[in-house]
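Structure assessment
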Amino acid sequence: MTVADLRLPDVMPVESIDWAAIPSPAFVLDESRLRRNLALIEYVQRESGAQIIVAFKGFSMWSAFPVLREYGITGATASSLNEAILAKEEMQGEVHVYAPAYADEDFPRVLDLADHLVFNSFSQWARFRPQVEAARAAGKTVHVGIRVNPEYAEVETDLYNPAGPYSRLGVTRREFREDLLDGVDGLHFHTLCEKDSDTLERTLEVLERNFGEFLPRMTWVNFGGGHLMTREGYDIDRLIRVVRAFREKWGVHVILEPGSAFGWQTGWLVSRVLDVVHNVKDAALLDVSVSAHMPDVLEMPYRPRILGAGDPPEHDHREAVDAPAGHAYLIGGTTCLAGDVVGEYVFGRPLEVGDRVVFDDMIHYTMVKTTFFNGVKHPDIGILHVDGSYERVRTFGYEEFKAKLS
């Protein structure tokens, strides 16, 4: 069987959604699209023999965790004590924890929660090893891993490249301490960022070259995240072959922990127009903020898609916009940050106050990075269910804003 033979669930047509009926602003998860992704992830897990868990740093919408469990997702990976608690309380499966460094005051609780515990350095392992050994002696089962840096990556954006020059993430081969491997039963690496399986295959070649001598001592290897297996065109069959071959060659359990793959193309950020102003160009002011609610647009940077809108033709910024293909607007937010602007888009008709502007693919990574900057209203979190009903899962108000301050 290949992925071409897989029957995936149908998804709700975008054209059938009544956007005006959804209170704005809101992050809206489409259950049908989530289930489609999960069916594909479940297939990869079954055919490859790997364990696939969800990375909270990319997708931690806990109201959707019951759906994830339906598709055999047995755990989550956390990057902090708070995420580890969320994994235990809401995901209700294995808790895998990795953090660049653990604080003394947090570690006892992290250790209590963790089933898999990965250290970023041998100095951290040496520091907390007595506590781990004491917990094991008391009957706790905890798998311990070291994150390694293969010093190889194909990530174009430096901000997201964990194997870039002078990276603080993971142990390089020249810093690796074989003498401190007692008690360590796994290796972890994470060098991918929304990459295809051919990148993973090349990365594993480097991993084996640099760390292959230690693999026979390991019982598991965590391939980290960045495996965007739910993206159209991703080579699923290659991923399955690569994982199977590595498992069979080294006799290890393989773990994948994607975040984006779960939330990829599963929902939207619904906003509405509050005002339209003119300064040489028209600008539409929305009830969402790029800075507070879509920070990757500024950090990455990237240009999100807006449903029903297109790219503008080239214009001299000194001239008034007269787009023959439609009506061009700069799309901006409501904070006082001058750069709180998504960009310029062309719409089929003039925008009016109250119109919905819907940003596509806004579930993975976007929701987990939002802020309450300027005290602007935080978008609701909602689920558009398979039967077409809309559930408003969470709203945010003054108390949430105040709770972040003192």
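Throughout, residues of each chain are indexed from 1 in the direction in which the sequence is written. Only residues with pLDDT of 70 or above have their local features reported here, since the model is predicted, and side-chain atom pairs are shown and tallied only from 80 upward, although totals for entire chains, interfaces and linings are computed over all residues. Note that water and hydrogens are dropped before the side-chain values are worked out from all heavy atoms of the structure.

Turning our eyes to something else, we now look at the sheet that holds strand β4 (residues 75–78). The sheet built from nine strands is open, its strands ordered β2-β10-β9-β8-β7-β6-β5-β4-β3 with parallel pairing. Looking at the sheet topology across the chains shown, the edges are occupied by β2 (51–52) and β3 (54–55). Whether two strands pair comes down to DSSP finding at least two bridges between them. To qualify as a helix, a DSSP run of H or I must reach at least 4 residues; to qualify as a strand, a run of E must reach at least 2; elements of each kind are numbered from the N terminus. Two elements, β3 and β4, share two bridges in a ladder whose sense is parallel. Looking at β4, one finds that Val54 is bridged to Ala76.

Okay, the nonpolar core next. Formed by 105 residues in total, the largest nonpolar core has its most connected members in Leu117, Ile331 and Phe359. Ranked by the residues each element gives to this core, the list is headed by helix α1 (residues 31–48), at seven residues. Domain ranges listed in this record stem from an automatic or a database domain assignment. Inspection of this core shows a minimum of three residues originating in each of domain 1 (49–262) and domain 2 (267–362 + 370–404). In this analysis, two residues are considered to be in contact whenever any of their non-hydrogen atoms come within 4.5 Å of each other. Here Ile331 is in contact with Ala284, Leu286, Ile306, Val341, Val342, Gly343, Tyr345, Phe347, Leu351 and Phe359, once residues within four sequence places are set aside. Nonpolar cores are built from buried Ala, Val, Leu, Ile, Met, Phe, Trp, Tyr and Cys residues. Side-chain atoms within 4.5 Å join them into one set. We call a residue buried when its accessible area falls under 20% of the maximum for its residue type, exposed when it is over 50%, and partly exposed in between, using a 1.4 Å probe and counting protein chains only. The next biggest cluster of nonpolar side chains, apart from the first, holds eleven residues, and it includes Trp19, Ile22, Ala26 and Leu384.

With that settled, consider helix α5 (residues 122–137). Given the number of residues in a helix, its expected span is that number minus one, multiplied by 1.5 Å. For α5, with 16 residues, the first-to-last C-alpha span of 21 Å sits near the 22 Å given by 1.5 Å per residue. Bending of α5 peaks at approximately 50° at the position of Phe128, with proline Pro130 no more than four residues after it. Every buried residue of α5 is accounted for by Phe122, Gln124, Trp125, Phe128, Val132 and Ala135. Buried positions along α5 lie against α4 (107–113), β6 (116–119) and β7 (143–147). Within two residues after α5, Gly139 carries a phi angle of roughly 110°, on the positive side. A residue's bend is given by the angle between axes fitted to the 7 residues ending at it and the 7 residues starting at it.

Here the bond from Ser24 into Pro25 is cis, since omega is 0°, no more than 30 degrees from zero. Secondary-structure assignment places Pro25 in the segment before β1 (26–30). A cis geometry characterises the amide bond from Met300 onward to Pro301, with omega recorded as -15°. By the element assignment, Pro301 lies in the loop between α10 (295–299) and β13 (309–310). One non-glycine residue, Glu151, lies in the positive phi region at around 60°. Mapped onto the secondary structure, Glu151 falls in the loop between β7 and β8 (186–188). Exposure remark for Glu151: the relative accessible area of 39% places this residue in the partly exposed category. Its identity as a non-glycine residue notwithstanding, Gln265 has a phi of 55°, on the positive side. Given the relative accessible area of 35%, Gln265 is considered partly exposed.

Once that is clear, we can look at the packing of aromatic side chains. Aromatic ring pairs: the centre-centre distance and the angle between the two ring planes describe each pair. Side-chain rings of Phe, Tyr and Trp (the six-membered ring for Trp) are treated as a pair once their centres are within 6.5 Å; stacked means planes under 30 degrees apart, edge-to-face means over 60, and tilted covers the remaining angles. If you walk through the whole model with that rule in mind, you get 17 aromatic pairs. Taking 4.1 Å as the distance between ring centres and 20° as the angle between the ring planes, the aromatic pair formed by Phe107 and Phe128 counts as stacked. On the criterion of sequence distance, the pair formed by Phe107 in helix α4 and Phe128 in helix α5 is long-range, its members being 21 residues apart. The structure contains a cluster of three or more aromatic residues connected by ring pairs, namely Tyr102, Phe107, Phe119, Trp125 and Phe128. Comment: the charge-over-ring label is applied if NZ (Lys) or CZ (Arg) is within 6 Å of the ring centre and within 35 degrees of the ring normal. When the ring centre of Phe128 is taken as reference, the NZ or CZ atom of Arg127 above it lies at 6.0 Å. Over the aromatic face of Tyr345 sits the side chain of Arg303, whose NZ or CZ is 3.9 Å from the ring centroid.

Taking 1.5 Å of rise per residue, the 15 residues of helix α7 (residues 236–250) would be expected to cover 21 Å, and the 22 Å separating its terminal C-alpha atoms lies within 8% of that figure. Taken residue by residue, α7 has Ile236, Leu239, Ile240, Val242, Val243 and Phe246 as its buried positions. The arc that holds the buried residues of α7, viewed along the axis, is 165°, so those residues lie on one side. Residues of α7 that are exposed and point over 90 degrees away from its buried face: Arg241, Glu248 and Lys249. In this fold, the buried residues of α7 make contact with α1, α6 (197–211), β9 (220–222) and β10 (253–256). N or O atoms within 3.5 Å of each other form a polar contact, as long as, within protein, one can give a hydrogen and the other can take it, and as long as residues adjacent in sequence are counted only when both atoms are side-chain atoms. Backbone nitrogen of Asp237 and a side-chain oxygen of the N-cap are separated by 3.5 Å at the start of α7; the cap is Asp235. Backbone geometry just after α7 places Gly251 at a positive phi near 65°. Of all possible arcs, the one meant is that of the directions from the helix axis to the C-beta atoms.

A separate point is the UniProt feature "binding site: substrate" (unreviewed entry) in the chain. The feature "binding site: substrate" (unreviewed entry), as given by UniProt, occupies Asp296 in the numbering adopted here. Checked against the element boundaries, Asp296 lands in helix α10. Not counting chain neighbours up to four residues away, the residues in contact with Asp296 comprise Tyr160, Pro301, Tyr302, Tyr365 and Lys369. UniProt positions are given in the numbering used here, feature names are shortened, and annotations may be inferred rather than shown by experiment.

Further remarks concern the side chain of Gln45. Position of Gln45 among the secondary structure elements: in helix α1. Residues contacting Gln45, with those up to four places away along its chain left out, are Ala50, Gln51, Ile52, Tyr71 and Gly72.

This next bit is on the environment of Arg272. If you trace the backbone, Arg272 turns up in strand β11 (residues 267–279). Classification of Arg272 as partly exposed rests on a relative accessible area of 29%. Contact partners of Arg272, with chain neighbours within four places excluded, come to Ser24, Pro25, Leu285, Leu286, Asp287, Gly354, Asp355, Arg356 and Val357. There is a polar contact of 3.0 Å between the side chain of Arg272 and the backbone oxygen of Ser24. Polar side-chain contacts of Arg272 include one of 2.8 Å to the side chain of Asp287.

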